[in-house]
Every structure is written in C-alpha cells, then in structure tokens.
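Architecture at a glance
In case you want the letters, here they are:
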Amino acid sequence: MNKERKIRQQSPVEAEIPLLPQEIMVEILSRLPVKSLCQFRCVSKQWLSLISDPLLAKSHLKKTVSNDSFYSQRKRVIISSHNLYSLEYESIGRNGSFDENLVALELDYPLKDKPNGLAELLDSARDGFLYCERSEEGNDEFPVMVKLNLPFCVNQRNWVDILGSCNGLVCIAPDEDTLFLFNPSTRESKRIPDPPSGFVPNGWSVYGFGYDFVNDDYKVVKVGCGTVCVYSLRTDSWRIVCSFPYVDNVSESGVLLNGTIHWMVSFEDGVDCRCVVAAFSLEEEVFSDMPAPDIVDTSFEFVVGVLNGCLCVLHSCNQMHNDFWVMTEYGVGESWTKLTLSLSYICMKPLCLAQNREALLDVDGKLLLYNLEDDSYRYLVVDGIPAGDGFEADTYLETLVSPNGFCQT
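As recorded by an unreviewed UniProt entry, the chain carries the name F-box domain-containing protein and is attributed to Gossypium stocksii.

What follows is the structure, given as structure tokens:
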C-alpha cells in the first residue's frame, strides 16, 4: 500500500546568539580575526547588531594593541602602486628566514576604477599613435596634426596617496584633493567633505591623520598657505584652528606618534633659519617645537618617521646618504642618536620591525629588511605588485573600527 508522504515546509530559523552576558560575548568575539567577524555578520540580525556595535570594535582594538600575539597576527603592510595592496606582517622574515613567496592581496577601495584621464587619450589612438592639433606661432587658423608615440603601458589608474594610518583606519587620497577614511579589513569607507571655500587657498598643502584619545575622535589635519584646519570625524566638519607658524616648505604627510602629528620644518629665528620638529597635538590642536638633531640644517631636506615607537629624522631627496637619527627618549633633544647604514638612500621610510626584529624599510621605492645589529640587509620581492611603477607603503591593523560609526554627541 502506498503511503502518502506529507512534506512539511519549515520556515528558516534565524540563528540566535547563545544566552550569555554581553560582556562575555564581547570578550569572546574580540579574540577572533576581523575576517571571521565580518562573515558572522551574515548569520542573523542579532549577530549583525552585536558585531557592528562600537563597544565590540573598541574591545577588539584594545585586545589587539595590548596582546603581542594578536598584534602580530592583525598587523598588515599597505602598499600603493596605482592600486592598493595588503601584505601580511607575519609573512615577513618569519623565524629569521627569508620567504621567497611574499604575496600581496589586492584591495578594493573607493574610486578604484575611476580612470585618470589617460583612458580617453588611449581610446583616441590610431595605428598605435595619438594625434593632436598644434598651432604654429600662435596661428589658430591653420593648425597642424602632431603624431605622438605614447607608450601604452602607462597605468590608467590614479595614484593613491596614503596620508596616514591609525587604529585600522587609513586616510587615502585616490584622486586629487579627494580624501577618504578607509578600513581595508572591513572595506568600509567615508568620503571626507571638502573644507569650506576660503579655509585653505588652492595650492600647496599637506595632511596628517590620527586619533584624539581624550575626545575619542579621529582627526585629519590640513596645512596649506599658512593656515591649519582640522577635520573631526565625530562632528563631520572642518574648523580653522591656527596659522602655520613655520616656513611653508613641508612636502610630506605628517607622522603620528603619541597622539601628536610631526613634521620637519624650518623656523625663522630673527635673521637665522633653523630646523625643528613641529609637533601638533591632536587633543589641544596647538603646535610645539621639538629639537632636531644638531647636524640637521636648512641646506638639506629632511623628513620625520617612526621606528619601533621612536621618532626618526631622515634625509630626503637631495642626494645619497647612509645615515639617520633616532630619538630614543621622546621629546628629549639630547637623546638623538645617529645610526649609519651599510647602504645609501635618497628617500627612506621606516615601516616597522619584522618578526625577526629586522627593520622593514621603504628605500627608494623598494622594500628591504635591515639588520641593525650586523648591518646586513636583503631586498624583498613581493608577488602580485606590478614591477616598475614604484610604490609607497605604510602599516595598519586589522580592526572593526568604522569610519561611519562616529556621530556628534
């Protein structure tokens, strides 16, 4: 006898969070990688709400910076080369050995696919050449056609400037004067509004980015044409805070350390001009002067950097050098210590100490590991990044900090 089968359709049951106190759940989740937490957001609305809670983001960040193991696991190198790439910190110099197969992961970021203007030019090419009109001796009535042999290997993407990194947020400029706060781990981003007209005139400008611990606020500092203005993520607005009390010859982004953004600047002292480190407090929004190394003067160009929590001063752009200075005690001029390298550089940026305590350096557009004890070094080859374009690099942490999670209180 045939038995009639009854098929019961069950509605999907939404997964529920175990009935544990919230502080216990936060403690458990703060130990997990960001990638896993982002996946868990899709489990249910309840999970989405908990993992999107700023309380968890703060707990996760605190656990990251206070635990050496978590810090190492969640640290990344971000590389810009007409694109953005991420490189695992733990893969660099692991166990004192050299990993020949360092692989960079391509990132998605705002305005990634916006062409830089070369696309239209290349589309108009004929027979491998570009043609344009040019007037001879100012005669616009009878223009002539000029054939240009433009290399077709030119990258059609904009260069992405990395302006600073703090607590998992990276301040980037994927287009001219277009700023975003970007979390590479969660792919969240926020477009920073342009300063109101008249705040900073068009022309020269540099930026700095960091976190104001006292006011729990992320801030972008823009310096240009003698004016300093500050963007607050909490209020989503710009303010003019002061005039720039130094000579307007700064060309690099500011360097964050101890809640302060630093630039190497020139200071007019009567008839003399001397170099100092300008330190801008994100809490008080004022400048103070820090002494530069005695040998530093205005006849060369210098920039600041950070290595292993210490402020550094390095040569920049003029000619080959093989030394730099480290401030072993923050704010104390007498603690500047000169380090001499076994290689020469034009531009150098310290990034971090690798797993084997070698210094990871960006030297003239190449990554290398430098052993500060025996003065040996080795260049790193990173798969996944096109060769020949050059690059700039910084570091960031994998966190849940959201650029859209702040509001005026």
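**So, the pairing of strand 22 (residues 359–363)**
The buried fraction of strand 22 amounts to five of the five residues, a majority that puts the element mostly inside the structure. In this structure, strand 21 (residues 336–353) lies alongside strand 22, joined through five bridges in antiparallel fashion. When the sheet's bridge partners are listed, Met348 is paired in strand 22 with Val363. Taking the residues between adjacent antiparallel strands as the criterion, strand 21 and strand 22 are bridged by five residues, where Arg357 takes a positive phi near 70 degrees. Taken together, the five bridges between strand 22 and strand 23 (residues 366–370) define a ladder with antiparallel strand orientation. Counted as the bridge partner of Leu360 is Leu369 from strand 23. Counted between consecutive antiparallel strands, the loop separating strand 22 from strand 23 contains two residues, among which Asp364 sits at a positive phi close to 50 degrees.

**Quick notes on the sheet that holds strand 18 (residues 287–291)**
In space, the four strands of this open sheet follow the order 15-16-17-18, with antiparallel pairing throughout. Strands at the two margins of the open sheet, each flanked by one partner only, are strand 15 (255–257) and strand 18. Averaged over all pairs of adjacent strands, the angle between their axes in this sheet comes to 50 degrees, without regard to strand direction. One ladder, built from 10 bridges, connects strand 16 (residues 260–269) with strand 17 (residues 272–281); its direction is antiparallel. Each bridged residue has a counterpart across the sheet, and for Val265 the counterpart in strand 17 is Val276.

**Brief notes about the pairing of strand 19 (residues 302–307)**
Where burial is concerned, most of strand 19 is hidden: five out of the six residues are buried. Between the end of strand 19 and the start of strand 20 (residues 310–327), which pair antiparallel, lie two residues, with Asn308 showing a positive phi angle near 55 degrees.

**A word on the packing of helix 1 (residues 22–29) against helix 4 (residues 54–66)**
The contact between helix 1 and helix 4 brings their axes to 9 Å, and the two run at 45 degrees. When the axis of helix 1 is compared with that of helix 4, the two are oblique. Here helix 1 runs over helix 4; the crossing is right-handed. For the pair helix 1 and helix 4, contact is made by Gln22, Val26, Glu27 and Leu29 and by Leu55, Leu56, Ser59, His60 and Lys63, respectively.

**Quick word on the pattern of salt bridges**
For the structure shown, the criterion picks out 16 salt bridges. Between Asp216 and Lys58 there is a salt bridge, with its nearest N and O atoms 3.0 Å apart. Here Asp216 is found in the loop between strand 11 (206–212) and strand 12 (217–224), whereas its partner Lys58 is found in helix 4, with 158 residues between them in sequence. Between Arg239 and Glu285 there is a salt bridge; the shortest N-O distance is 2.6 Å. Of this pair, Arg239 sits in strand 14 (residues 237–243) while Glu285 sits in the loop between strand 17 and strand 18; the two residues are 46 residues apart in sequence, bridging distant segments of the chain. Residue Arg239 is classed as partly exposed on the basis of its relative accessible area, which comes to 36%.

**Considering helix 1**
Listed as buried for helix 1 are Met25, Val26 and Leu29. Along helix 1, the residues classed as buried sweep out an arc of 100 degrees about the axis, all on the same side. In this fold, the buried residues of helix 1 make contact with helix 2 (34–40), helix 3 (45–51) and helix 4.

**Remarks on the sheet that holds strand 10 (residues 189–191)**
What holds strands together in a sheet is hydrogen bonding between their backbones, with the strands either parallel or antiparallel. Taken together, four strands build an open sheet; the order of strands is 7-8-9-10 and the sheet is antiparallel. The open sheet is flanked by strand 7 (161–166) and strand 10, the only strands paired with a single partner. With strand direction ignored, the average angle separating the axes of adjacent strands in the sheet is 25 degrees. The pairing of strand 9 (residues 178–182) with strand 10 spans three bridges and is classified as antiparallel. Following the sheet pairing, Leu181 is matched in strand 10 by Lys190.

**Notes on the confidence of the model for the chain**
When the pLDDT values of the chain are averaged, the result is 84; 81% of them are 70 or greater. Here residues 1–11 is modelled with pLDDT under 50, and outside its nearest four sequence neighbours on either side it reaches zero contacts, counting other chains as well.

About the criteria used
- Residues numbered from 1 in each chain as written.
- Predicted model: local features only at pLDDT ≥ 70, side-chain atom pairs only at ≥ 80, totals over all residues.
- Heavy atoms only, no water.
- Buried < 20%, exposed > 50% of the residue type's maximum accessible area, 1.4 Å probe, protein only.
- Helix = DSSP H or I, 4+ residues; strand = E, 2+ residues; numbered from the N terminus.
- Pairing = 2+ DSSP bridges.
- Axes fitted to C-alpha atoms, helices over the stretch in contact; angles between N-to-C directions.
- Parallel < 35°, antiparallel > 145°, perpendicular 65-115°, else oblique.
- Left-handed = near helix turned anticlockwise from the far one by under 90°.
- Contact = heavy atoms within 4.5 Å.
- Salt bridge = Lys/Arg side-chain N within 4 Å of Asp/Glu carboxyl O.
- Arc of directions from axis to C-beta.
- pLDDT = per-residue confidence, 0-100.

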